[in-house]
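What the coordinates show
Okay, here's what each chain looks like letter by letter:
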Amino acid sequence: MLAAKELHEIEPTFLSNTYLKYYLMADETVAHADKQYTRANEIIDGREKYVFEECQRIIDNQTAKDTTFASNEHASFITDLACALTFNTKERMILIVENNGAISNFDHDAMVELPCIVGKDGYEVVSIGAIPTFQKGLMEQQIASEKLAVDAWEQKSYQKLWQAFIMNKTVPSAKVAKKILDEMIEVNAPYWPELK
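Residues numbered from 1 in each chain as written. Predicted model: local features only at pLDDT ≥ 70, side-chain atom pairs only at ≥ 80, totals over all residues. Heavy atoms only, no water.

Spatially, the three strands line up as an open sheet ordered β1-β2-β3, and their pairing is antiparallel. Across the chains shown, the open sheet's two edge strands, defined by having one partner strand only, are β1 (91–98) and β3 (122–125). Sheet twist, expressed as the mean angle between neighbouring strand axes with direction ignored, is 50°. When strand β2 (residues 111–119) meets β3, the two strands line up antiparallel, connected through four bridges. (Pairing = 2+ DSSP bridges. Helix = DSSP H or I, 4+ residues; strand = E, 2+ residues; numbered from the N terminus. Axes fitted to C-alpha atoms, helices over the stretch in contact; angles between N-to-C directions.)

So, in structure tokens, the structure goes:
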């Protein structure tokens with residue numbers, strides 16, 4: 001996969017998650033995207049269609065015998081989590097939790113993905129110490145974007161929401177951020193608060 005190779009060139013000391021292409025290779029990702037057939041369309045026509053059709057087949061036949069349904073990693077994760085909590089497996093899992101010093105050089109109140117040991121009493125975070133400057137910078141920018149979005153919601157602030165979009169690494173400029181925000185407000189008007 002080309003994205004994995006290019007991401008590895010950006011940060012060769014870690015095995016990159018290809019999801020980072022949206023943050024670190026936005027221009028290339030957009031250039032190869034089809035505006036008429038987005039990632040959402042791929043999901044709708046692929047996994048979602050398959051799941052709904054198979055569920056309907058099971059309902060119609062009143063049995064799951066001979067099902068072709070197989071859960072993906074997202075579905076199996078929640079099952080693994082439930083089993084760890086129920087059966088006290090002490091499984092190591094990645095959870096989104098409050099940092100609380102697990103990453104020593106990062107905001108204590110930030111919600112971050114961290115390794116945790118999960119059992120009947122909940123989870124225990126595995127401290128990982130300090131993180132490198134490059135990763136810390138990316139994370140700080142994303143946390144700033146998310147905190148600004150929360151502030152914007154609470155304060156009904158257009159300015160803060162625009163700033164949140166500007167801070168998001170997937171948005172290339174303030175001008176583009178404003179355009180995206182204005183279009184989102186228009187399309188989602190019934191669901192959004194009145195912004196000042």
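According to the stated counting rule, one finds three aromatic pairs in the structure shown. The structure contains a cluster of three or more aromatic residues connected by ring pairs, namely Y19, Y22 and Y23. One cation-aromatic arrangement involves K156 over W153; the distance from NZ or CZ to the ring centre is 5.2 Å. Sitting above the plane of the W162 ring, K178 keeps its charged end 5.8 Å from the centroid. (Phe/Tyr/Trp six-rings, centres within 6.5 Å; stacked < 30°, edge-to-face > 60°. Lys NZ or Arg CZ within 6 Å of the ring centre and 35° of its normal.)

With that out of the way, let us pick up helix α6 (residues 133–155). If you check α6, its first and last C-alpha atoms are 32 Å apart, about what 23 residues at 1.5 Å a residue would give, namely 33 Å. If you check which residues of α6 are buried, you get Q135, Q142, I143, S145, L148 and A152. Residues of α6 that are buried make contact with α2 (21–24), β2 and α7 (158–167). Where α6 ends, the next residue or the one after it, K156, has phi of about 55°, a positive value. (Expected span 1.5 Å × (residues − 1). Buried < 20%, exposed > 50% of the residue type's maximum accessible area, 1.4 Å probe, protein only. Contact = heavy atoms within 4.5 Å.)

Relative to β2, β1 runs antiparallel, the two sharing eight bridges. The partner of V97 across the bridge, within β2, is V112. In sequence, β2 turns back onto β3 through a hairpin of two residues.

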